[in-house]
Structure formats: structure tokens, C-alpha cells
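The residues making up each chain are set out below.
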Amino acid sequence: LNKIISFRPKFVQYTGMSAGVTYGCGECIANTDATCEACTGTTVAACNIKKETGVEFKCHDYELLEDATKLTPKKESTTCQRLKATTIMCNMPGPSSDKTYKLANKGCGPCSAADKTAKTCVECDTAECNRPPIMCIQGSDGAAAPTVCATESGKAPAAKCHQPKFIEYTGLATGQTYGCGACDTNNANCQDCDGNSKTACQKTAETAADFKCYDYEVKDDKQVMKETAVTCKRLKDTAIKCHMPGESADKTFKVHQSGCGPCTAEDLKAKKCAECTTAECNKMSSASTLTAFLVPLLATLYTLL
């Protein structure tokens, strides 16, 4: 078989396929060794086929922020390319690095042998592993001291902290702890924040003074106010508001959040719900109860006349 020399774009580990080079017959153009590679094929099989690649992964690049003396991970991670048999690896500044140090391949791949020996660079072998571990409050006590988040084997280090969400008029959600990692999807009781390696990002919600409203229940097909007022929680800038059954409310209407907070827009428009803006203002008077009884009665009498 006749031998044929062909060329193709060079795949640069952790960076990807070189740009500006095509596939073709013959040798690479002079001085293009960094972006072009030649191979020897035959008249039966081409040698310059596209190389088989592995799944992409991500690492973090670092930058020197204004007036800073230490390199800091960039917020956005870098996408790293690799050949099929190449293992995942990231690099980051080592204990002997200073602000002049520059990461290889924007954090993708291994350290150079010289930097590794000098301890200006260290390596790790999972996606996005090359950033300092963040600190989060962990457990059930929101006043606990922050601790370093442990990295689970085979997983990227946590980038967020989570905590119970403050739900307006109800307070901190129950059944939700503090910890490392983002909230699970569709978890309405959880909120998260972007972590850092210095302190926990979880913050205690700033609240205003509690107030009280009355809850309602249906008895004998009528809306009846419960005797004991309920304590309502609110954030610092949240106004006091209570709600109660409106003039068009029937036995199917249900007061939400135990009477704390506003009506839903739909119930307010339909006059099934009424609002007021002082503590314990949703207390139905005897006159209101009588009106609620007489309105449907008068409507019935009018129909009969």
C-alpha cells in the first residue's frame, strides 16, 4: 500500500481542537507545530481522522482582584476539553504561590513539574475541585460557628450554603437545616447563597416585631372566628396585615396562614376575602356576623316575593 502524509488540527489537552487549521493531504505548514499535526496513512485508510474525546469538565481560573494581594477564583468556571483516555485534573495556586503566579490552561489539567516541586501549584482530580473549600453554618442551630465544607468523593466541592427560608407571616420554615450545597429543586422551605472560604454566607433574616391576627374555621356551614389570636412573623420592612372572610365568602372559603398577611388577589377581587392593616383587626364583630347571616336571608326572601 502506498503511504500518504496527511494533516489535521492538533488537539491540545485541556484546551481542545486548535482553531484555524483544516484537514488535508501533505505536511503541516512550517511553524505550525503548536496547532497542526501530520500523520502517515495509506491509500486505503486516512490517518487524519478526528480524535476521540472524553466528556468535558470544568475547573476554576484565578484572578488578582483590585488592591488584592492574593489570587481569587473567578466566579465563572472554565470548560476543559480532553481526549478519551485523559483523566480529569485541575490545578490551583499552591501554598508558595504569590500574586504573580499564573495558572496553567486557566486551571484545567495538571501543574507543571517545576511549579509542583516549588509548591506554587497543587492539583486535584475531580471537576471544579480547584477552589478553596467554602465555609457554611451546618446543622440545626443558625447561631453555630461556620465550619469548612467537606468534599464528597467523586463530587465537585460545594459552591453554595443553604438554610431555612423565612416565610412571610409564618417565620422560619420548619424541617430545614443549615448546611453545604444548593437547595434541592422545588424545595420551598430552603434558600441558598454563594459560599466563600472566609465565612458563612447564610444570614439571619432581619425581622420586625411580631403581631397577631385571628384565624377562622367553618362551623355549621358558617365562617366562625377562633377565640385565640395567632402570632404572625414578618421581615423588617413588611407591613402589618390581617385578612378574614369577606362579604361573598361561603363555607368553601379558607383563611390562609391562620389569618396573617393579605388576601390572595383572586379572593380579594371576588370579595371572598377582606384585609385590614392593624394587629388583631380581622376580628369579626357581632354586627358583621349578623350581616353575614342577613344578606343571604334577604336575598332568599326577595326571590320569594
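Read on for a plain summary of the structure. Being a predicted model, the structure only gives us computed values, none of them experimental.

## Let's talk about the overall build of the protein
Looking only at helices and strands, the protein has three helices and 24 strands in total. Computed over the C-alpha atoms, the radius of gyration of the protein is 33 Å, more than 25% above the 19 Å expected from 2.2 N^0.38 for a compact globule of 305 residues. Principal axes of the C-alpha set define a box for the protein whose edges measure 110 × 50 × 35 Å. Buried residues in the protein amount to 33% of all 305 residues. Charged side chains in the protein number 36 positive and 35 negative. The centres of these two groups are separated by 3 Å.

## Thoughts on the environment of Lys-160
As for its placement among the helices and strands, Lys-160 is situated in strand S14 (residues 160-164). With a relative accessible area of 29%, Lys-160 lands in the partly exposed category. Leaving out residues up to four positions away in the same chain, Lys-160 has contacts with Ile-134, Cys-136, Cys-180, Gly-181, Ala-182, Asp-192, Cys-193, Asp-194 and Gly-195. Within the structure, Lys-160 has its side chain in polar contact with the side chain of Asp-194 (distance 2.7 Å).

## Looking at the state of the cysteines
Under the criterion given, the structure shown has 14 disulfides. With a sulfur-sulfur separation of 2.1 Å, Cys-28 is cross-linked through a disulfide to Cys-36. Looking down the S-S bond of the Cys-28 and Cys-36 bridge, the torsion is -80 degrees, so its handedness is left-handed. Take Cys-28 and Cys-36: they sit in the same class, and that class is buried. A disulfide bridge connects Cys-111 with Cys-121, and the sulfur atoms are separated by 2.0 Å. The disulfide joining Cys-111 to Cys-121 has a torsion of about -80 degrees about its S-S bond and is therefore left-handed. You can see Cys-111 sitting in the loop between strand S10 (90-93) and helix H1 (113-117) and its partner Cys-121 sitting in strand S11 (residues 121-124), a full ten residues away along the chain. Since its relative accessible area comes to 10%, Cys-111 is described here as buried. Judged by relative accessible area, Cys-121 falls into the buried class, the value being 2%. Unpaired in this structure, Cys-25 has its nearest cysteine sulfur neighbour in Cys-47, at a distance of 9.1 Å. The exposure class of Cys-25 is exposed, given its relative accessible area of 66%.

## Quick notes on the packing of aromatic side chains
If you walk through the whole model with that rule in mind, you get two aromatic pairs. Plain terms: the ring middles of Tyr-14 and Phe-57 are 6.3 Å apart, the flat faces sit at 85 degrees to each other, and that makes the pair edge-to-face. Here Phe-57 lies in strand S6 (residues 57-59) and Tyr-14 lies in the loop between strand S2 (11-12) and strand S3 (16-17), a separation of 43 residues in the sequence. Comparing Tyr-14 with Phe-57 shows no difference in burial state: the two are buried. Here Tyr-169 and Phe-211 contribute two aromatic rings whose centre-to-centre distance is 6.3 Å and whose plane-to-plane angle is 85 degrees, an arrangement assigned as edge-to-face. Of this pair, Tyr-169 sits in the loop between strand S15 (166-167) and strand S16 (171-172) while Phe-211 sits in strand S19 (residues 211-213), and the two are 42 residues apart along the sequence. In terms of burial, Tyr-169 and Phe-211 fall into one category: buried.

What counts, and at which threshold
Residues numbered from 1 in each chain as written. Predicted model: local features only at pLDDT ≥ 70, side-chain atom pairs only at ≥ 80, totals over all residues. Heavy atoms only, no water. Helix = DSSP H or I, 4+ residues; strand = E, 2+ residues; numbered from the N terminus. Rg over C-alpha atoms; globule rule 2.2 N^0.38 Å. Buried < 20%, exposed > 50% of the residue type's maximum accessible area, 1.4 Å probe, protein only. Lys, Arg positive; Asp, Glu negative; His and termini not counted. Charge placed at Lys NZ, Arg CZ, Asp CG, Glu CD. Contact = heavy atoms within 4.5 Å. Polar contact = N/O pair within 3.5 Å; in protein donor to acceptor, adjacent residues only side chain to side chain. Disulfide = S-S within 2.5 Å. Phe/Tyr/Trp six-rings, centres within 6.5 Å; stacked < 30°, edge-to-face > 60°.

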